[in-house]
Amino acid sequence: MKRVFVIGRKMRNKNNMKKQSEMNRNNNQNRNNQTQLAKESELLNAIMDNIPDNIYFKDLESKFTRINKAQAKALGVKSPEEAIGKTDFDFFNPEHASTAHKDEQEIIKTGQPLVNKEEKMKMADGKYHWVSATKVPVKDKNGQIVGLVGISRDITERKKARDAIEESQQKLKRIFKKNPEPAVYLDKNSHIIDINPRFTDTFGYTLDEIKGKHINKVLVPDENIQEAVMLDEKAKEGYLYFDTYRKRKDGTLIPVSISAAPIVASGELSNYFVMYKDITKQKYAEDINLALYNISKAVQSTASLKELFQSIHRSISNIIDTTNFRIALVDKERNILTVPYCVDEKDDYKDLQLFGSKSAVEKIVKSGKSLLMKKNEFMKQISEGTLKLYGSLPEVWLGVILKAKNEIIGTMSLQSYSNPEAFSEKDVKLMELISEQVALAIQYKRAEEEKEKLIDDLQKALYDVKRLNGLIPICANCKKIRDDKGYWEEVEKYISERSDVDFTHGLCPDCMKKLYPDIYEKIYGSKSKADNIRK
């Protein structure tokens, strides 16, 4: 019995020692846990107290259970503890508090977080602030939602900056879209990002048709490709301004003034902004002035009327279709309209009677007014007998008078055999403007040629007289000479006017003997002496 008792006591001691060891370990673990928890709590408190963002915890009823100092300041309380158990309704206007409560109850119900929601709030300082709020559910160890934690960051300044940028971008977009000139926004490789309505109006393309395409493949004519490549390189260096031609959707060309600027972001090229100013009217005016200048210049630079007509034709071909072009001049002495210059696809026009031909040219000479007539009007007047067609029937005909010093000296006309819309009233005004310069040029050139011809004739006549060339009619009785106009003149007058000879007057021996015999006897004496003198 004694032995059994000793063994039992030893076993109890051993078990007690084991339990004590476990207790010690548990105590140590608890102390470690408490220490760790204290450290974590201290870290959390440090974060809560020092982070500038507003941090708050709420229970299932959206009541504050804990907030940091930043949130306390935003709520207008002296210490975080004053907010415990209160809700947003105690601090904010009903509208904001109601919206926040609804959001939080949805989070608690669904477990879905709310991330970076921007809210406008009136803070304790009485000012409105923009905040970015993130709220997530808080769960216990069993995964049950027991509340939520929220972080709100004041983004007022960032919001202002962002709004300013957005406003600037919207303003630029409005300027871009409402720009009265065609404009396009390109990426750094010159691919189309956006176009404005005026671009569509001018070139005929919609954004859907050309978005992403290279601008040169859309607008640049084949003959201008090398020029466009050069402009692309130049645009990288800075602002670009250049006058050239670009192609519409229908293939027609339009003169434009290109303004392009690179857009640089963070020191790198990001985009291009390009405008195309339609300079059709400006170019048209410049071409008209150039044509008038060239016509004026041709008066001096051409050697004949024919060359002048050719120069006139070339000069105006840049501003109007001169495929079929004719100049007719009035010859009043012969009562005809001569056609010294004509370029026509079908016909070679001959001279016409000035009056009585019933031609379209006669109509404008008689009326003194320009005329634009289409095919149907031609046919109507022909059938009525008021107009006679000389040559092929055109689709449209345009004629203007040439008038110099209030006198009609001729006409200038154009016609098209294929396009009834080749000419308009605008072209009539243009040709009337040009006709004034053409008439003056022709009149000047004709006068110049007539003067040169007269000088040549006089020089030839003088040369013939000096050399006594040709036959000179002389009266057998009075010895007067007949000039080239049929008038009889004294010999000395005729020769004096046509040579460098001067005359002195005297009497030959025979006339002296006949008229003054006494003087004759004194001078010449005997008959033989006078005869010797005559010999």
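This text goes with the structure placed above it.
What counts as what
- Residues numbered from 1 in each chain as written.
- Predicted model: local features only at pLDDT ≥ 70, side-chain atom pairs only at ≥ 80, totals over all residues.
- Heavy atoms only, no water.
- Pairing = 2+ DSSP bridges.
- Helix = DSSP H or I, 4+ residues; strand = E, 2+ residues; numbered from the N terminus.
- Contact = heavy atoms within 4.5 Å.
- Axes fitted to C-alpha atoms, helices over the stretch in contact; angles between N-to-C directions.
- 1 Å grid on protein atoms, 1.4 Å probe; cavity = no way out; pocket = protein on both sides within 12 Å on 5 of 7 lines; lining within 4 Å.
- Points joined across faces, edges and corners; volume = space filled by probe spheres on them.
- Nonpolar A, V, L, I, M, F, W, Y, C, P; charged D, E, K, R; others polar.
- Buried < 20%, exposed > 50% of the residue type's maximum accessible area, 1.4 Å probe, protein only.
- Arc of directions from axis to C-beta.

A. How the structure looks around the sheet that holds strand 16 (residues 407-416). Read across the open sheet, the 6 strands follow the order 13-12-11-16-15-14; overall the sheet is antiparallel. Both outer strands of the open sheet, strand 13 (352-353) and strand 14 (371-374), are each paired with one neighbouring strand and no more. Those strands touched by helix 11 (residues 360-367) are strand 11 (325-331), strand 12 (336-343), strand 14, strand 15 (396-404) and strand 16, and its axis lies near 40° from that of strand 15. Helix 12 (residues 375-384) rests against strand 14 and strand 15 of the sheet, and its axis sits at about 90° to strand 14.

B. Looking closely at the layout of surface pockets. Volume-wise, the second largest pocket comes out at about 410 Å³. Residue contributions to the lining of the second largest pocket peak at 5 residues, all from helix 4 (residues 156-178). The class makeup of the residues in the lining of the second largest pocket is 6 nonpolar, 1 polar and 2 charged.

C. Representation of empty space enclosed by the protein in the model. All told, the structure shown has 5 cavities of 30 Å³ or more when counted by the stated rule. Roughly 190 Å³ of volume is contained in the largest cavity. Lining of the largest cavity is provided by 17 residues; of these, Ile215, Asn216, Asp232, Val274 and Tyr276 occupy positions nearest its centre. Mapped onto the lining of the largest cavity, the elements with two or more residues apiece are helix 7 (215-219), helix 8 (225-237), strand 8 (240-247), strand 9 (253-265) and strand 10 (268-278). The element that contributes the greatest number of residues to the lining of the largest cavity is helix 8, accounting for 4 residues. Its residues assigned to classes, the lining of the largest cavity comprises 13 nonpolar, 2 polar and 2 charged.

D. Fine view of the pairing of strand 11. With respect to burial, strand 11 is a largely interior element, 7 of its 7 residues being buried. Alternating positions in strand 11 separate into two faces, Phe325, Ile327, Leu329 and Asp331 on one and Arg326, Ala328 and Val330 on the other, with burial throughout. Inspection of the sheet shows strand 11 paired to strand 12 by 6 bridges, in the antiparallel sense. Directly across from Leu329, in strand 12, lies its bridge partner Thr338. Between strand 11 and the antiparallel strand that follows it, strand 12, lie 4 residues; Asn335 among them carries a positive phi value of about 60°. Taken together, the 5 bridges between strand 11 and strand 16 define a ladder with antiparallel strand orientation.

E. Structural context of helix 8. The set of residues buried in helix 8 consists of Ala228, Leu231 and Ala235. Buried positions in helix 8, seen along its axis, are confined to an arc of 55° and lie on one side of it. Turned more than 90 degrees away from the buried face of helix 8 sit Gln226 and Glu237, all of them exposed. Buried residues along helix 8 sit in contact with helix 7, strand 8, strand 9 and strand 10. Count one or two residues on from helix 8 and you reach Gly238, which has phi positive near 150°.

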